[in-house]
Amino acid sequence: MCANIEMMMRINWKNRETDRGGEMNLQVEQVDKDLVHKFKIIGEIDIYTAPKLKEHLAKLEQAEGMEVELDLSEVNYMDSTGLGVFVGFYKEIKAHNAKLVIKGLNQRLYRLFEITGLNEIMEIEQIEGGEDDASV
Amino acid sequence: MQAFDYIEVKVPAKPQYVGVARLAISGLASRLGFTYDEIEDLKIAASEAVTNAVQHAYNDEKVGEVILGCALYEDRLEIVVTDHGRSFDFEETKKKIGPYQDWNEESPLREGGLGLYLMEALMDEVKIDHGEGVIVFMTKYLGRERGEGHVKPTVFS
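Residues numbered from 1 in each chain as written. Chains lettered and ligands numbered in written order. Predicted model: local features only at pLDDT ≥ 70, side-chain atom pairs only at ≥ 80, totals over all residues.

Caption draft 1: Representation of the interface of chain A and chain B. Contacts between chain A and chain B engage 17 residues on the former and 21 residues on the latter. Within the residue set of the side of chain A that touches chain B, elements represented by two or more residues are α2 (80-95) and α3 (107-115) of chain A. Ranked by the residues each element gives to the side of chain A that touches chain B, the list is headed by α2(A), at 4 residues. (Contact = placed C-beta atoms within 7 Å. Helix = DSSP H or I, 4+ residues; strand = E, 2+ residues; numbered from the N terminus.)

The structure is reproduced here in structure tokens:
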């Protein structure tokens, strides 16, 4: 029945060619539970890391009624390349009648969705609590 | 002419160096005394311009260089990003650039899409010139409320 089958994947996206100091640009952790797939994205999303994020999300086999949750609470930088990946993924999800929730957005990340009007199209959740005070 | 300090960063037009350009902007903006949020805006806007240049350069056979020119004034930071990799005269380049056409219309920069939109939203002024290569010129003033003046419609409205 509701057995907790948890699968944890840890993928370190380091660039093989240029990574010298072991600095990590982007990391994705995936937890799958029944029909809910949770991804935690850690690091920076820019033109350099976006293709890897896209590739990772593309590996997910989409099924009818599936739910995908993307946790961005540990994304410390994102620009339009990241938004582009999420828009593309959202279209895929919609095409499969599935659901996408993007959560854990701090004020700054939320603003990017707001400026571009994506917050009115996609389901996104801000971090609860006193974020507003923290950034003053 | 107002006095300014000029700093230039030249990187290969490759994705892995966009973050390096971003770090440079972050450091310079912090020197000028921008707030945390403003610095984040500048990082995104500059990254968008450099990203654009990198994508542009990738269509060509040979990988070029992107130059990020930064002029630090008392009251503002001016940034010029060019994708042709040749050095340029900051003042002369500035004079050449006019306001860009509404990119919602079909324009060669439409491919920039969201990136251009974000630059426009996060900076006080953005100008683009596409003669030989693309030149992006943008300004952010110290201590200015974002979105002061007019409110722009969103991409999807």
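So much for the structure itself; the text now carries on.
Caption draft 2: Highlighting the pairing of strand β2 (residues 26-33) of chain A. Residues and elements named next belong to chain A. Pairing between β2 and strand β3 (residues 36-45): 8 bridges, direction antiparallel. Paired with V28 across the two strands is I41, which belongs to β3. With antiparallel pairing between neighbouring strands as the criterion, β2 and β3 make up a hairpin whose turn holds 2 residues, including D34 at a positive phi of roughly 50°. (Pairing = 2+ DSSP bridges.)

Caption draft 3: Broad picture of the pairing of strand β6 (residues 123-126) of chain A. Residues and elements named next belong to chain A. In the sheet, strand β5 (residues 99-105) pairs with β6 via 3 bridges, with the strands oriented parallel. Each bridged residue has a counterpart across the sheet, and for L105 the counterpart in β6 is Q126. This β-α-β element, β5 to α3 to β6, shows right-handed connectivity. (Right-handed = clockwise from strand over helix to strand, strands pointing away.)

Caption draft 4: Focus on helix α1 (residues 50-58) of chain A. Residues and elements named next belong to chain A. When we look at burial in α1, the residues that qualify are A50, L53 and L57. Looking straight down α1, one finds that the buried residues subtend no more than 60° of arc, so they occupy a single side. Against the buried residues of α1 lie β2, β3 and α2. (Buried ≥ 20, exposed ≤ 12 C-beta atoms within 10 Å, placed from the backbone. Arc of directions from axis to C-beta.)

Caption draft 5: Seen up close, unusual backbone geometry. Residue and element names in this part refer to chain A. Of note, N97 is a non-glycine position whose phi angle comes to about 60°, a positive value. Note on placement: N97 falls in the loop between α2 and β5. Judged by C-beta crowding, with 11 C-beta atoms within 10 Å, N97 ranks as exposed.

Caption draft 6: Fine view of the nonpolar core. All names here are of chain B. In this structure, A45 and V50 are the most contacted members of the largest nonpolar core, which totals 71 residues. Ranked by residues supplied to this core, first place goes to helix α2 (residues 36-59) with 9 residues. In contact with A45, other than residues within four places in its own chain, are L118, M119, L122, M123 and M138. (Core = buried A, V, L, I, M, F, W, Y, C linked by C-beta atoms within 7 Å.)

Caption draft 7: Fine view of the environment of B:K140. All names here are of chain B. If you trace the backbone, K140 turns up in strand β5 (residues 133-141). Along the backbone, K140 and E92 are 48 residues apart, and their C-alpha atoms lie at a distance of 20 Å. With residues near it in sequence (within four places) discarded, K140 still touches E38, L42, R76, L77, M123 and D124.

Caption draft 8: Up close: the packing of α1(A) against α2(A). Residues and elements named next belong to chain A. Interhelical geometry of α1 versus α2 gives an angle of 15° and a closest axis separation of 9 Å. Taken together, α1 and α2 sit at an angle that is classed as roughly parallel. α1 and α2 meet at a crossing whose hand is right-handed. Taking contact as the criterion, the partners of A50, L53, K54 and L57 in α1 are, on α2, T81, G82, G84, V85, G88 and F89. (Axes fitted to C-alpha atoms, helices over the stretch in contact; angles between N-to-C directions. Parallel < 35°, antiparallel > 145°, perpendicular 65-115°, else oblique. Left-handed = near helix turned anticlockwise from the far one by under 90°.)

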